[in-house]
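# Overview (structure and organization)
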Amino acid sequence: MEEQISKIKRVAIEEASKATSAKELDEVKVKYLGKKGELTAILRGMGSLSPEERPVIGSKVNEAREQIERLIKEREEEFAKQELERKLQEEKIDITLPSTKVKRGSKHPLNRIIEEVEDLFVSMGYDVVTGPELETDEYCFERLNLPKGHPARDMQDSFYITSEYLLRTQTSAVQARTMMANTEKTPIRVICPGKTYRRDDDATHSHQFSQVEGLVVDKNISLADLKGTLEVFVRKLLGENLQLRFRPSYFPFTEPSYEVDVSCFKCGGKGCNLCKQTGWIEVLGSGIVHPNVLKMGGYDPEIYSGFAFGTGLDRIAMFKYGITDIRLLYQNDVRFLNQFDRLDR
Ligand code: DAH
């Protein structure tokens, strides 16, 4: 019996050493140590042994079992290690290979300007508000002191949808909306960037364009506040050293009204093709909010005053980035838009 055990052990160890794969090794394991394995069979047959023989044979079997198990375990680890090595080699990534190019869009020049304007005014305590692009005649004109039949309506060629609804021609409509929405009639400090529409189409006018409106209503608001605010606005956006010129003008919703020019940032005011040899470029409409507008908005003009301004964001973008045709801003041509990629790098 003892000899049989030694033989099983010897052969098992030999086979386990010779196994060339994890699978072969597993077969050896089953053959000798498994439920129906040879060593297990001997243990099962122990019942027929004499009580003296039992512990001797028992310990021999266990010793053989342990040795075989140890070897198999060692070899299993060996195979596992080999397998891991193989996988690592096989799945090695060559980091020197060129990568697949990730196509990334760039921020639209108008959105760049809008974000810059928003950041600036938010830093001065303004809220950013929005309004509908499909607007009523009432908010787009009437509440801005432009009753039906007012000749100044001709300044803006409008897209009427019905006799009541139109695509808003100016973000000024949001002035009236903001005053009406503020039911407590507390002070107002807002800007509203957004799309506007007019029946225009040439190199400097598009049927769809973008404006930003500003409105401040409070006690004791004066022209000095308007001037100071617009100086900060224009200089931060277009250049610290620019000069501003306030030219009297006419808008139905402000009195007095001003058009604001900046000294030409291309020629510094000497005169060039950009400023049409005048040294100045018109950038803004502005003024002190007309008492009628305040009244219609529910604010008592005896107590409250305010200033407002509106500017075309397309023009600002064109000046700032040297864009010569406004329509480029709306055609979604990647060859144009890609160029703004570089500004992020
Ligand atoms: N809404 C005017 C336009 O589109 C611009 C404007 C002028 C806005 C004067 C204002 C303002 O708020 O006070 O031509």
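Quick caveat: nothing in here was measured; it's all calculated off a predicted structure.

Close to the ligand lie 16 residues, the nearest being Q170, S172, R198, Q211 and E213. One of the side-chain nitrogen or oxygen atoms of Q170 is found 2.8 Å away from a nitrogen atom of the ligand. A308 places a main-chain nitrogen or oxygen 3.2 Å from an oxygen atom of the ligand. If the ligand stood free it would expose 360 Å²; the protein chains cover 91% of that surface. For the ligand, the cavity whose grid points lie within 2 Å of the majority of its atoms is the largest pocket. The set of elements that each furnish at least two residues to the shell around the ligand consists of β6 (208-218), β9 (280-289) and β10 (305-312).

So, about the packing of aromatic side chains. This model, assessed by the stated rule, comprises 10 aromatic pairs. Consider the rings of F233 and F309, whose centres lie 5.8 Å apart with planes at 40°: the pair is tilted. Placement of the pair is F233 in helix α8 (residues 223-238) and F309 in strand β10, with a sequence separation of 76 residues. Judged on exposure class, the residue F233 and its partner F309 are both buried. Centroid distance Y299 to Y304: 5.2 Å. Interplanar angle 90°. Geometry classified as edge-to-face. In textbook terms, an aromatic cluster arises when at least three aromatic residues are bridged by ring pairs, as seen for F121, Y126, F233 and F309. A cation over an aromatic ring shows up here: R143 above the ring of Y139, its NZ or CZ 5.3 Å from the ring centre. Here the guanidinium or amino end of R177 rests over the ring plane of Y139, the centre of that ring lying 4.2 Å away.

For the rest of this paragraph, the subject is the domain arrangement of the chain. Along its sequence, the chain is carved into domain 1 (2-90) and domain 2 (109-344). Just the C-alpha atoms count here: the centres of domain 1 and domain 2 sit 89 Å apart.

Let us look at the pattern of salt bridges. One pass over the structure, following the stated rule, counts 23 salt bridges. Among the ionic pairs, D137 bridges to R153, the shortest N-O distance being 2.8 Å. Residue D137 is found in helix α6 (residues 137-140), and its partner R153 is found in the loop between α6 and β3 (159-160); the two are separated by 16 residues along the sequence. With respect to class, D137 is no different from R153; both count as buried. By sharing partners, the salt bridges in this structure join D137, E142, K148 and R153 into a single network.

This part is about a nonpolar patch on the surface. A cluster of nonpolar side chains, L134, I161 and Y165, forms an exposed patch at the surface whose accessible area comes to about 290 Å². Mapped onto the fold, L134 is located in strand β2 (residues 134-136).

Looking now at the layout of surface pockets. Put simply, the largest pocket is a space of about 1,400 Å³. Surrounding the largest pocket, 47 residues form its lining, H205, E282, V283, G312 and R315 being those nearest its centre. At the level of secondary structure, the elements contributing two or more residues to the lining of the largest pocket comprise β6, β7 (244-251), β8 (254-263), β9, β10 and α10 (313-321). Split by residue class, the lining of the largest pocket holds 17 nonpolar, 19 polar and 11 charged.

What follows deals with unusual backbone geometry. Geometrically, the link from E255 to P256 is a cis peptide bond, its omega value of 0° lying close to zero. Here P256 shows up in strand β8. In this structure, N145 is a non-glycine residue whose phi angle is positive, near 70°. According to the relative accessible area criterion, N145 is buried, its value standing at 16%. Here N332, not a glycine, exhibits a phi torsion of approximately 55°, which is positive. On the secondary structure map, N332 appears in the loop between α10 and α11 (334-337). Looking at N332, the relative accessible area reads 58%, which means it is exposed.

So, how was this worked out
Residues numbered from 1 in each chain as written. Predicted model: local features only at pLDDT ≥ 70, side-chain atom pairs only at ≥ 80, totals over all residues. Heavy atoms only, no water. Near = heavy atom within 4 Å. Polar contact = N/O pair within 3.5 Å; in protein donor to acceptor, adjacent residues only side chain to side chain. Areas by Shrake-Rupley, 256 points an atom, 1.4 Å probe, with all protein chains shown as cover. 1 Å grid on protein atoms, 1.4 Å probe; cavity = no way out; pocket = protein on both sides within 12 Å on 5 of 7 lines; lining within 4 Å. Sits in = over half its atoms within 2 Å of the grid points. Helix = DSSP H or I, 4+ residues; strand = E, 2+ residues; numbered from the N terminus. Phe/Tyr/Trp six-rings, centres within 6.5 Å; stacked < 30°, edge-to-face > 60°. Buried < 20%, exposed > 50% of the residue type's maximum accessible area, 1.4 Å probe, protein only. Lys NZ or Arg CZ within 6 Å of the ring centre and 35° of its normal. Domains from an automatic or database assignment. Salt bridge = Lys/Arg side-chain N within 4 Å of Asp/Glu carboxyl O. Patch = residues over 30% accessible without salt bridge, like charges linked within 9 Å, V, L, I, M, F, W, Y side chains within 5 Å. Points joined across faces, edges and corners; volume = space filled by probe spheres on them. Nonpolar A, V, L, I, M, F, W, Y, C, P; charged D, E, K, R; others polar.

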